[in-house]
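# An overview of the molecular structure
Each chain, letter by letter, is given below.
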Amino acid sequence: MAKVQIPYGKEKIEIEINDNNLQGVYFPNDVEKREFATEFAKNLENANFAKFMEGDERVVFIVNDGTRPTPTAKVLKVIYDDIKDKDIYFIIATGAHRAPNDEEFEYIFGKEIYEDLKAKDRIWSHDAKNDEMVYLGKSTNGTEMYLNKIVAEAKKTIVIGSVEPHYFAGYTGGRKGFLPGVASYETITQNHKLALNKSAKALALDGNPVHEDMMDAMNVLKDIQVFSIMTILDKDHNVYETTCGDLVGAFYDAIDSAKKVFCVDIEEKTDIVISVAPYPMDIDLYQSQKAIDNGKLALKEGGILIFVSQCRMGIGGKTFFDLMASCATPQEVLDKIKVEYKLGYHKAGKMAEINTWAQTWGVTELPEDEIKAVHIKPFDSVEAALEKAFELKGKDAKVTVLPLGSLSVPNILND
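A brief report on the enclosed structure follows. (Residues numbered from 1 in each chain as written. Predicted model: local features only at pLDDT ≥ 70, side-chain atom pairs only at ≥ 80, totals over all residues. Heavy atoms only, no water.)

What follows deals with the pattern of salt bridges. Counted under the stated rule, the structure contains 20 salt bridges. Between Asp293 and Lys296 there is a salt bridge, and its shortest N-O distance comes to 3.6 Å. The two residues Asp293 and Lys296 agree in class, both being buried. Notably, a salt bridge pairs Lys372 with Glu368, separated by 3.0 Å at the nearest N-O pair. (Salt bridge = Lys/Arg side-chain N within 4 Å of Asp/Glu carboxyl O. Buried < 20%, exposed > 50% of the residue type's maximum accessible area, 1.4 Å probe, protein only.)

Quick look at the structure:
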């Protein structure tokens, strides 16, 4: 009997799976451990960070919110002594998410730096619906680029992000700091509608309409000097690599390293897949959905996906929840999206699509009525879900486990 540990919130839970049933437990790949601070400092020097920071004009830093694993605090710890006396300002790239709470602010910045920035009133959380926006132009696809005035009127910006596979943008990082990070709600809506295209998927850049629209939209930044700091984490959330400098160049340089970490070779698809959204990506169902989308890649048609996430802050997206709750079947969800699109519907569409050819079961802390409303069958424990799955798929059914499902993109070798 194999004992498998999986994360649940900040804790670990242990499950037992018969050796004959367990195909494997798959994490992001092991990569060499590197000393972060020294290598990062060298990369900054090579990219002329000190020269970029010269002068007295304000420098606006764009940093991710608390739903992302980006090690912003570690980055700032290296550079803060050199920048703290300059005219610096930080905007949280929430996209269409809510503002962080105090616990999340401390996670983002580190306690000491957060307290210092807070005391100096140097932090703003982007509000896509209510902040003043500036129109900078449109992409070839027609996405109208309205950016937060704080960024649009800055002469210099520094975007700090992390690069890992993203279920419809191909990869996070780079251009995502601006769109959706600090864009208007309308701009984000126009871009994210493209996520319904089947070519909008993890690892895909060429031909991915969401990515191509983002990259095209970045042309409106021509009057803003941008310095990019991109990080790639290993499976233990240590920094494996950093890339610095040009927004586009740093993003593409990071992708090769991201592939080494996150693309997981799996022999074949199985009837049962357990996919976990680890902290902090388990904040709510809306963010945890990435574990569902990655898990489906390892699942046979007609199979059962057991999704595990604490969902600490609930559902997370009223629009996508209301759509799914208003429909009796997953297919009805997809049919409604074809008639009318609102921001958040892309998430509903991705979740519903899986349930047209497989089943999604959930182990969460969400109320039973809420998890059922999004067409996920609730279970109190992974053990109970597994027992029921074996009843339905047979005692010889194979199981694939993705303890870091949000960050593991299966590459099926015998597909």
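Sheet architecture is open: 6 strands sit in the order E3-E19-E15-E16-E17-E18, paired in parallel fashion. Looking at which strands have only one partner, the edges of the open sheet turn out to be strand E3 (22–25) and strand E18 (377–378). (Pairing = 2+ DSSP bridges. Helix = DSSP H or I, 4+ residues; strand = E, 2+ residues; numbered from the N terminus.)

Another point: the sheet that holds strand E9 (residues 156–162). One open sheet accounts for 6 strands, arranged E6-E5-E4-E9-E12-E13; its pairing is mixed. Among the strands making up the open sheet, the edge pair consists of strand E6 (123–125) and strand E13 (239–245). Across the sheet, the mean angle separating the axes of adjacent strands is 20° when strand polarity is ignored. Examined bridge by bridge, strand E5 (residues 88–93) and E6 share 3 bridges and lie parallel to one another. Within E6, the position partnered with Ile91 by the bridge is Trp124. Against the sheet, helix H1 (residues 36–46) touches strand E12 (225–233) and E13, its axis set at about 15° to E13. (Axes fitted to C-alpha atoms, helices over the stretch in contact; angles between N-to-C directions. Contact = heavy atoms within 4.5 Å.)

This brings us to the packing of helix H11 (residues 318–325) against helix H13 (residues 345–354). Their axes nearest at 8 Å, the elements H11 and H13 cross at an angle of 45°. With respect to each other, H11 and H13 are oriented oblique. In the crossing of H11 with H13, the sense of the turn from one axis to the other is right-handed. Facing Thr319, Phe320, Leu323 and Met324 of H11, the residues of H13 in contact are Tyr345, Lys347, Ala348, Met351 and Ala352. (Parallel < 35°, antiparallel > 145°, perpendicular 65-115°, else oblique. Left-handed = near helix turned anticlockwise from the far one by under 90°.)

Formed by 85 residues in total, the largest nonpolar core has its most connected members in Leu147, Val163, Phe178, Leu285 and Phe320. Leave out the neighbours within four places in its chain, and Phe320 touches Leu285, Tyr286, Ile315, Gly344, Lys347, Ala348 and Met351. (Core = buried A, V, L, I, M, F, W, Y, C linked by side-chain atoms within 4.5 Å.)

All quantities given are derived from atomic positions and should not be read as evidence of function.
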